[in-house]
Amino acid sequence: MTVTVLQPVVTFKMDSLPLYPAGLVEKAESVTMEGTVMAENAMEVIIISQSESYILDKAAAMGADLEVEVLLDGHVPKSVRLRGAISPGAKASLSAWIQENFNIAPEDLQWN
């Protein structure tokens, strides 16, 4: 009987126990991923906001009253949509400036 009772104790190895409670590692990975997604989203909001403000400031300096929407590809401005009152000369200048400063292809610069 002693052998029957002690056999499980003798063959038990401490390293067979998980170091952390069940699910803790998975929960930590999940929380880390959520934090990464939140940081990525915050970075995109900052990039969009600063890009739009920069374009609006330049447009205002040219006497234009515009609405601007910047769309990203990752963390890089990919396209710009503009709408509002602007003279043809200022439109051409602002278009060239956006293409040069934001590396936006002419087909990704949309005027409405």
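Preceding this section is the structure that the text describes.
The sections below set out a description of the structure shown in this document. Counting restarts for each chain: residues are numbered from 1 in the order of the written sequence. Restriction of local features to residues with pLDDT of at least 70 applies here, the model being predicted, together with a cutoff of 80 or more for giving and counting side-chain atom pairs; totals for whole chains, interfaces and linings are based on all residues. Hydrogens and waters are ignored; side-chain quantities use all the structure's heavy atoms.

Some words on the overall build of the protein chain
For clarity, the cut-off: Under the scheme used here, helices are H or I runs from DSSP no shorter than 4 residues and strands are E runs no shorter than 2 residues, and both carry numbers assigned from the N terminus. Relative accessibility decides the category of a residue: with a 1.4 Å probe and only protein chains considered, values under 20% of the type maximum give buried, values over 50% give exposed, and everything between is partly exposed. Areas reported here follow the Shrake-Rupley algorithm with a probe of radius 1.4 Å; residue values treat only the protein chains shown as occluding.
Looking only at helices and strands, the protein chain features 3 helices and 3 strands. Taken from the N to the C terminus, the helices and strands of the protein chain come in the order α-α-β-β-α-β. Among the 112 residues that make up the protein chain, the fraction classed as buried is 21%. For the protein chain, the computed accessible surface area is about 8200 Å², with 60% contributed by carbon and sulfur atoms.

Quick look at helix α3 (residues 88-102)
Because each turn of an α-helix spans 3.6 residues, side chains separated by three or four positions end up pointing in the same direction. Note the following rule: To estimate the expected span of a helix, subtract one from its residue number and multiply by 1.5 Å. Comment: arc refers to directions from the helix axis out to C-beta atoms.
Taking 1.5 Å per residue, 15 residues should reach 21 Å; α3 reaches 21 Å between its end C-alpha atoms and fits that length. When we look at burial in α3, the residues that qualify are A90, L94, S95, W97, I98 and F102. Axial view of α3: buried residues confined to an arc of 165 degrees, hence all on one face. Along α3, the residues that are exposed and aim more than 90 degrees away from the buried face are P88 and E100.

Remarks on the pairing of strand β2 (residues 76-85)
Two faces, one strand: in a regular strand the side chains alternate between the faces of the sheet. Convention followed: Strands were regarded as paired on the criterion that DSSP finds at least two bridges between them.
Where strand β1 (residues 65-73) and β2 come together, 9 bridges link them in antiparallel fashion. Directly across from L72, in β2, lies its bridge partner P77. Counted between consecutive antiparallel strands, the loop separating β1 from β2 contains 2 residues, among which G74 sits at a positive phi close to 75 degrees. Note: β2 against strand β3 (residues 109-111), 3 bridges, orientation parallel. Paired with L82 across the bridge in β3 is W111.

Points about the nonpolar core
Using the following cut-off: In this description, a nonpolar core means a group of buried Ala, Val, Leu, Ile, Met, Phe, Trp, Tyr and Cys residues linked to one another through side-chain atoms lying within 4.5 Å.
Of all hydrophobic cores here, the largest spans 16 residues; its most connected members are I55, L66, V68, V80, L82, L94 and I98. Residue assignment for this core shows that the elements contributing at least two residues are α2 (24-61), β1, β2 and α3. Element by element, the count of residues in this core is highest for α3, at 5 residues.

Some words on the side chain of S51
Condition: Polar contacts, as used here, are pairs of N or O atoms within 3.5 Å; protein pairs need one atom able to donate a hydrogen and one able to accept it. Residues neighboring in sequence count only if both atoms are side-chain atoms. Any two residues whose heavy atoms approach within 4.5 Å are treated as being in contact.
Mapped onto the elements of the fold, S51 is located in helix α2. Among the polar contacts listed, one links the side chain of S51 to the backbone oxygen of I47, at a separation of 2.8 Å. The contacts of S51, once residues within four sequence positions are left out, are V70, P77 and F102.

A short note on the pattern of salt bridges
Put simply, the rule is: We define a salt bridge as a side-chain nitrogen of Lys or Arg found within 4 Å of a carboxyl oxygen belonging to Asp or Glu.
In the structure shown here, the tally under the stated rule is 3 salt bridges. A salt bridge links E69 to R81, with the shortest nitrogen-to-oxygen separation between them at 3.5 Å. On the criterion of sequence distance, the pair formed by E69 in strand β1 and R81 in strand β2 is long-range, its members being 12 residues apart.

Quick look at the sheet that holds β1
Worth spelling out the cut-off: Axis definition: a line fitted to C-alpha atoms, limited for helices to the stretch in contact. Angles are taken between N-to-C directions and run from 0 to 180 degrees.
Spatial ordering of the open sheet is given by β1-β2-β3, a layout of 3 strands whose pairing is mixed. Two strands bound the open sheet, and with one partner strand each, they are β1 and β3. Ignoring strand direction, the axes of neighbouring strands in this sheet form an average angle of 15 degrees. Across the face of the sheet, α2 comes into contact with β1 and β2 while running at roughly 145 degrees to β1. Contacts from α3 reach β1, β2 and β3, with the element oriented near 155 degrees to β3.

Everything listed here is a matter of geometry and, on its own, says nothing about what the molecule does.
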